[in-house]
Amino acid sequence: MWNGSASITEAVQIMAATDLMQSLLPRRTSRPALGGGRHWVWGSGFVAALVLAPVLALIWQALQGSDGLWAHLWAYVLRPALGQTTVLLLGVGLIVIVLGTALAWLVAAHDFPGRKVLDWALLLPLAVPSYIIAFVYLELLHPLGPVQELLRAILGYDNPRDFRLPDIRSMSGAILLLGLVLYPYVYLPVRAMFAMQAAGLLEAGRMLGCTRTHLFARLALPLARPAIAVGASLALMEALNDIGASEFLGVRTLTVSIYTTWVTRSDLPGAAQIALVMLVVVAALVALERFARRKQRFAGGAQRIRPLLPERLTGLRGWAALALGALPVVLGFGAPLFWLLSEAVGRIGEAGISPQLWAEMRATLGLAAAATAAVLAGGMVVAFAARLWPGGTTATLGRLASLGYAMPGTVVALGVLVPVAGLDRMIDQGAQMLLGFGTGLVLIGSGAALVYAYVVRFLAMSVGGIDSGFAQIPRALDHAARSLGDGPGASLRHVHLPLLRPALVAAALLVFVDTMKELPATLLLRPLGVETLATHLYSEAARGTYEDGAIAALAIVAAGILPVIALARIGRRNGAGRRP
Amino acid sequence: MTLSSRATLLATVLCLPAALSAAELNLYTSREPKLVEPLLEAFTAETGIAVNTVFLKDGLAERVAAEGGSSPADVLMAVDVGNMADFVEKGLTQAITSEAVLAAVPSTLRDPQNQWVALSMRARVVYAAKELDLDAITYEDLADPKWAGKICIRSGQHPYNTGLFAAYLAHHGAEATEAWLSGIKANLARTPGGGDRDGAKDILGGICDIAVANSYYVGLMRTNEKDPEQKAWGAAIKVLLPTFENGGTHVNISGAALAKHAPNKAEAVKLLEFLTSDAAQKIYAEANFEYPVNAGAEVSPVVASFGPLAIDPLPLTEVVANRKAASALVERVGFDN
């Protein structure tokens, strides 16, 4: 990709230096658009429209009027759900920000035994979906589970009626467990920021006599602010979307309320109304994120990536650092994995892995790959349009395209189902008129509807990721490329894509893993006869037994590890200072 | 998706009209697949008709409604009478006219217009710690403060509970039901959640003394070879069949309906006839530990050990009619919060 562009590289490095100078001066107005490539904006509009269609379908649903009175919904459903959701989000937000940032700083700025492993191992909880960690800990911490059994043995009690720990099924339990699997959303971008951006500034700070505390508080933290904002908002939207863990742990969030309003009361309009309220909460989250990222633009990105010179922690301090850093990995990944392994090994030893499970694995991977490709393409169109034509229109389109991530899977699925099923019926009837035979439900039957739902759901991750990737590429590069004769498309190929690779890989992995974990939309939209690992697990969970479920859960987790390892390897290569 | 599976998919889609003419039918079910599988296997073995199953925990009715006239669904299966009524309200069903089906299922266990029939019954019972000195209980008793901190139950919004609460509402009226629900909430040992089996598990774990749950789980736990832990849960409890004061034990149903646009109607009717036959009802009773709807089939020994079931005389239509009001009351008292 980079071949034959050496002259451009050199030119942009010179330009970048001037850009760095300019960035030190106060600047009020944003840079004028480069122009050209207007069709990217139309493309962005098209993508946004695709995302918006299900939302509009929902609004249409909501306007059908609810059987349940709005006053009742508000007083007894929405208000408590809003309260619980707020507490949950505050708690999870606090945990993921503190944990993610502290761990990133620990790994980026210190050297201790096992740091290299911890560097990527800290991403592993990303492979554990919230409904799996909740289920595992319900088992582990139940009075009949291994932890309390051991405690009773140590303390000399025979009967759980004489001694037991407080129940994990609580708000604080939910906050802790969600925080444990969601902190990598913050850790990942913040660590990347420290690794790629911080070296020069931090070393300057160090030379100017900053203490380590000051270095962190006054340089590293402000520098990491945009990365924290992106990561935390992704983690919070994930928490907002979660249904399995909240359901298992007895927390009535907005998402759960949508479920109950729709499923139990068969009140689709009411559910759509709650969903719209939820969109307001999400809009607030997005606004908060934008606010936290305000006036941040990165300069100097064209310089060689140089890792931060870490402070060596020796002896006991080094081991303490390792222990501290390893704790989230053990709790968020090691313990669940170990438990699932021991459960699954028993089952496999007894019955082996059924061909059905292999087929489900293939279906899961296939759907996730298709969704990832579509999501990246869409995100690239939206983000590049915003790059070419910065300003209100493209920014708004970007925000619209990101809306779906905030909607729970069920709601997206509902929003997708109504228009797509209508389209399917039109195609079917059209084919019957023109060809003499029907096509059946092509879009739903082929899985296209499901992939569409995934795109709606996860586009925000690629838009956000690619967006902040672009933000790290100095605009001087665009100017250089364009002045050397590249059009928008060519500059994307020659300049942006190679530089965006880390951002693209990161976005692809997040999307891939999340698609694999995705449950509610998959349940609703998967084609006849197709099962994914997640739906398998859920259909077992529906009976309250996890007989083969542990194997499916283990497979979800194991498959989720692969992209995490790939991500870690790319991170290490960049960390070693090689050019992408 | 691999090339071959994509090709298969394409072939499936393109050949759908041809496929539809073969002897098969499409079943949409919200019942757990493992519970239905033995029945479907027996059906295919007997008739040679293949059954394609779509398992949808939630949103079955919405999906069929959205598919409209192009829906491949032939038979809709669900648990809870409210879900069955939902199919009818959404206009997704057609009347079942098969004499064999109507003869097998008593009229109290059918839709008044035969838009659905019950396939099995389950009682909403109380599990009690084995050592507890308790032989009988009424549903009204559950709100008695003497049970403070001792009751486990799943979400108040779960259809099994809303069904019970709707029956209570029909018996006692809104005000009494609200007070009763508040009373139960005050007695809970933990937040409502989990499944019915968790009630037994938590009794063994010392979290609660009694739990409200469905009858058939007892048999499923006590005979569970795949997950022997559950045998201990099942062994830790005894089953009480509660009654309403001046009434009987609340039962809910699992049921089936003929889809309105069923492309394989003849095969679908055959499935319904099979499911209500003595042979299938025997499987329901023995493998699933449910109460058969066909008087010709007997209950399993585990279920028989609970004692005689005195079904509450309240018609199921009353349960359906009060379901939304019951759900609203659950929200009013913040039962699940």
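Model, not experiment: these values are computed from the prediction. (Residues numbered from 1 in each chain as written. Chains lettered and ligands numbered in written order. Predicted model: local features only at pLDDT ≥ 70, side-chain atom pairs only at ≥ 80, totals over all residues. Heavy atoms only, no water.)

Q: Break down unusual backbone geometry for me, with residues and values.
A: All names here are of chain B. Even without being glycine, Asp80 reaches a positive phi, approximately 80 degrees. Of note, the phi angle at Asn114 is positive, near 60 degrees, even though the residue is not glycine. Inspection of the secondary structure puts Asn114 in the loop between α6 (99-104) and β5 (117-129). (Helix = DSSP H or I, 4+ residues; strand = E, 2+ residues; numbered from the N terminus.)

Q: Tell me about the nonpolar core, and name the residues and values.
A: Counting 148 residues, the largest nonpolar core has Val92, Ile132, Leu182 and Leu340 of chain A as its most contacted members. When residues of this core are sorted by domain, at least three fall in each of domain 1 (35-64 + 353-580) and domain 2 (66-347) of chain A. Once residues within four sequence positions are removed from consideration, Leu340 of chain A is found in contact with Ile132, Val136, Ala550, Ala553, Leu554 and Val557 of chain A. With 109 residues, the next largest nonpolar core counts Leu27, Trp233, Leu258 and Leu271 of chain B among its residues. (Core = buried A, V, L, I, M, F, W, Y, C linked by side-chain atoms within 4.5 Å. Buried < 20%, exposed > 50% of the residue type's maximum accessible area, 1.4 Å probe, protein only. Domains from an automatic or database assignment. Contact = heavy atoms within 4.5 Å.)

Q: Before we move on, can you summarise the environment of Ala42 of chain B with the specific residues and values?
A: You can see Ala42 of chain B is positioned in helix α3 (residues 33-47). Filtering out sequence-adjacent residues up to four positions away, Ala42 of chain B remains in contact with Phe274 and Ile283 of chain B.

Q: Residues and numbers for the UniProt feature "binding site: Fe cation" (unreviewed entry) in chain B, please.
A: Residue and element names in this part refer to chain B. Per the UniProt entry, the sites bearing "binding site: Fe cation" (unreviewed entry) are Tyr216 and Tyr217 in this numbering. Assessed through its relative accessible area of 3%, Tyr216 is described here as buried. Those residues in contact with Tyr216, other than ones at most four positions away along the chain, are Arg122, Tyr160, Asn288, Phe289 and Glu290. At 3.0 Å, the side chain of Tyr216 and the side chain of Tyr160 are in polar contact. By secondary structure assignment, the location of Tyr217 is in helix α10 (residues 216-222). Polar side-chain contacts of Tyr217 include one of 3.3 Å to the side chain of Tyr216. (UniProt positions renumbered as here; feature names shortened; annotations may be inferred. Polar contact = N/O pair within 3.5 Å; in protein donor to acceptor, adjacent residues only side chain to side chain.)

Q: Tell me about the confidence of the model for chain B, and name the residues and values.
A: Across chain B, pLDDT averages 89, with 93% of residues at or above 70. Scored as a complex, the prediction yields pTM 0.77 and ipTM 0.75. (pLDDT = per-residue confidence, 0-100.)

Q: Mind laying out the packing of aromatic side chains, listing which residues take part and the relevant values?
A: Pairs of aromatic rings are described using the distance from one ring centre to the other and the angle between the two planes. In this structure the tally under the stated criterion is 14 aromatic pairs over all chains. Centroid distance Tyr157 of chain A to Phe163 of chain A: 5.3 Å. Interplanar angle 5 degrees. Geometry classified as stacked. The class for Tyr157 of chain A is partly exposed, based on a relative accessible area of 36%. Plain terms: the ring middles of Phe165 of chain B and Phe335 of chain B are 5.7 Å apart, the flat faces sit at 65 degrees to each other, and that makes the pair edge-to-face. (Phe/Tyr/Trp six-rings, centres within 6.5 Å; stacked < 30°, edge-to-face > 60°.)

Q: Explain the domain arrangement of chain A to me, and be specific about the residues and the numbers.
A: All names here are of chain A. As far as domains go, chain A holds domain 1 (35-64 + 353-580) and domain 2 (66-347). At the boundary of domain 1 with domain 2, total buried surface from both sides reaches about 5,100 Å², with 71% on carbon and sulfur atoms. If you look at where domain 1 meets domain 2, you find zero salt bridges. Applying the counting rule to domain 1 against domain 2 returns six residue pairs in polar contact (both at pLDDT 80 or more). Counting residues per element, the ones that place at least two in the side of domain 1 that touches domain 2 are α2 (38-62), α16 (409-435), α18 (448-471), α19 (475-483), α20 (488-517), α21 (520-525), α22 (533-541) and α23 (549-575). No other element matches the 15 residues that α23 contributes to the side of domain 1 that touches domain 2. In terms of residue class, the side of domain 1 that touches domain 2 is built from 34 nonpolar, eleven polar and ten charged. (Buried area = accessible area lost by both parts, 1.4 Å probe. Salt bridge = Lys/Arg side-chain N within 4 Å of Asp/Glu carboxyl O. Nonpolar A, V, L, I, M, F, W, Y, C, P; charged D, E, K, R; others polar.)

Q: Go over the domain arrangement of chain B with me, naming the residues and quoting the values.
A: All names here are of chain B. Parsing chain B into structural domains produces domain 1 (3-121 + 253-304) and domain 2 (123-250 + 308-332). One C-alpha centre belongs to domain 1, the other to domain 2, and the line joining them spans 28 Å. Each side of the interface is counted separately: domain 1 has 19 residues, and domain 2 has 19 residues. Counting the surface lost from both domain 1 and domain 2, the interface buries some 1,500 Å², and carbon and sulfur atoms represent 71% of this. Counting across the domain 1 and domain 2 interface gives one salt bridge. Arg323 is paired through a salt bridge with Asp80; the nearest N and O atoms lie 3.8 Å apart.

Q: Quick rundown of the packing of α2 of chain A against α16 of chain A? Include the residues and the values.
A: Residues and elements named next belong to chain A. Where α2 contacts α16, the axes come no closer than 8 Å and their chain directions differ by 90 degrees. Taken as axis vectors, α2 and α16 run roughly perpendicular relative to one another. Listed contacts from α16 to Pro54, Ala57, Leu58 and Gln61 of α2 are Val411, Val412, Gly415, Val416, Val418 and Pro419. Classifying every residue of the contact of α2 with α16 gives eight nonpolar, two polar and no charged. (Axes fitted to C-alpha atoms, helices over the stretch in contact; angles between N-to-C directions. Parallel < 35°, antiparallel > 145°, perpendicular 65-115°, else oblique.)

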